[in-house]
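Letter by letter, the chains look like this.
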Amino acid sequence: MVREHLAEMVDQGLVTPTGLISHGRGEAFDYLMGERTIPPALEAERAAAAFLLRAKKPIVCVNGNSIALEPKGLIALAKCIPAKMEVNIFHRTEERMRMLIEYMESQGADGILGRDPDARIPNLTSDRALCTKEGIFDSDVIVVPIEDGDRAEALIAMGKIVISIDLNPLSRTSKVASVPISDEISRAVENIARFVGELRGKDDEIDSIIKHFSAVRTRRDTIGYICDSLMSEFKEN
Ligand code: ATP
């Protein structure tokens, strides 16, 4: 179902063929994790909610794959925080930007940024550097689903708290992210939004979650979880 939908989105020009390759890599890791949210991801999703509730200028950044896969969940997440939304893509044409923004609007988004960039992310040469000052450039906490490593690194270098949603705990994005979430995008955004609702107004709990969260521990636990479940098949009874 998801594969057919993505292939259709490629035909429409919203997703690029390389987006299908990224999706395949994600599927492989999802398979290794049993296609469910594993405990370290859930902990990271709770931490993401805490950081988003503490943010002064939160933003949810979207690209072709994330828009094709989970438009409504991403919009719901941005609305519940509330956070701005901005489209940022590698293969940028005016036509593709227009189609992606119109698609998001048809799914319920309003005020989505990205079409008229007036700033650049430093240290990036591709069109992914193009962004808006009021959105990505000035944000302090940014959610980046299905991100590439170069841009994640550049956002960290700008001093932002980067919350990545990337099933691959070994990717450069996951390695540099402040909050690396190794979970499938639909499950991740739903869980973060639920935690935003649960944590809102609980200042002490939010502080404590932020203080005790460790990105390195999360990645180590994620990889440990994958290794243990792979090896469990060979354990003697
Ligand atoms: P990096 O540049 O960070 O090392 P990469 O070369 O894998 O990573 P991309 O090809 O842009 O960069 O990959 C985007 C990432 O998104 C992949 O690592 C993949 O695991 C992840 N991904 C793909 N589909 C999903 C999905 N549905 N939910 C969550 N993550 C996904």
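Below you will find a few notes about this structure.

Procedures and definitions
- Per-chain numbering applies: the sequence of each chain, read as written, is numbered from 1 onward.
- Reporting in this predicted model follows two pLDDT cut-offs: at least 70 for local features of residues, and 80 or more for side-chain atom pairs to be given and counted; totals over whole chains, interfaces and linings ignore these cut-offs and use all residues.
- The side-chain quantities take in all heavy atoms of the structure and omit both hydrogens and water.
- Runs of E in the DSSP output that reach at least two residues are strands. Runs of H or I that reach at least four are helices, and both are numbered from the N terminus.
- Exposure is judged per residue with a 1.4 Å probe applied to protein chains only, and the accessible area is read against the type maximum: over 50% gives exposed, under 20% gives buried, and values in between give partly exposed.
- In this description, contact between two residues means that some pair of their heavy atoms is separated by no more than 4.5 Å.
- A 1.4 Å probe and the Shrake-Rupley method give the accessible areas. Residues count as covered only by the protein chains that appear here.
- None of His or the chain ends enter the tally, which takes Lys and Arg as positive and Asp and Glu as negative.
- Where a charge lies is defined by one atom per residue type, namely NZ (Lys), CZ (Arg), CG (Asp) and CD (Glu).
- Being paired, for any two strands, means DSSP has found at least two bridges between them.
- Lines fitted to the C-alpha atoms define the axes, with helices restricted to the stretch that makes contact. Angles between their N-to-C directions range from 0 to 180 degrees.

**Let's talk about the overall build of the protein chain**
When helices and strands are tallied, the protein chain shows 12 helices and seven strands. Across the 237 residues in the protein chain, those meeting the buried criterion constitute 50%. Here the analysis covers contacts within the protein chain between residues at least 6 apart in sequence; of these, 63% occur between residues at least 24 apart. By element, 54% of the accessible surface of the protein chain is carried by carbon and sulfur atoms, the whole surface being about 11,400 Å². Of the side-chain charges in the protein chain, 30 are positive and 38 negative, and the distance between the mean point of each set is 4 Å.

**Side note on helix H8 (residues 149–157)**
Residues three or four positions apart in an α-helix share a direction because the helix packs 3.6 residues into each turn. Within H8, the full set of buried residues consists of Gly-149, Arg-151, Ala-152, Ala-154 and Leu-155. Buried positions along H8 lie against strand S1 (58–62), helix H7 (133–137), strand S5 (141–145), strand S6 (161–165) and helix H9 (172–176). In the stretch just after H8, Gly-159 is the one whose phi turns positive, near 90°.

**A look at the sheet that holds S6**
Taken in spatial order, the five strands line up as S2-S1-S5-S6-S7 in an open sheet, and their pairing is parallel. The sheet is open, and its two borders are formed by strand S2 (84–87) and strand S7 (179–181), each paired with just one other strand. Put simply, the sheet's adjacent strands are angled 20° from each other on average, direction ignored. Direction of pairing for S6 relative to S7: parallel, over a ladder of three bridges.

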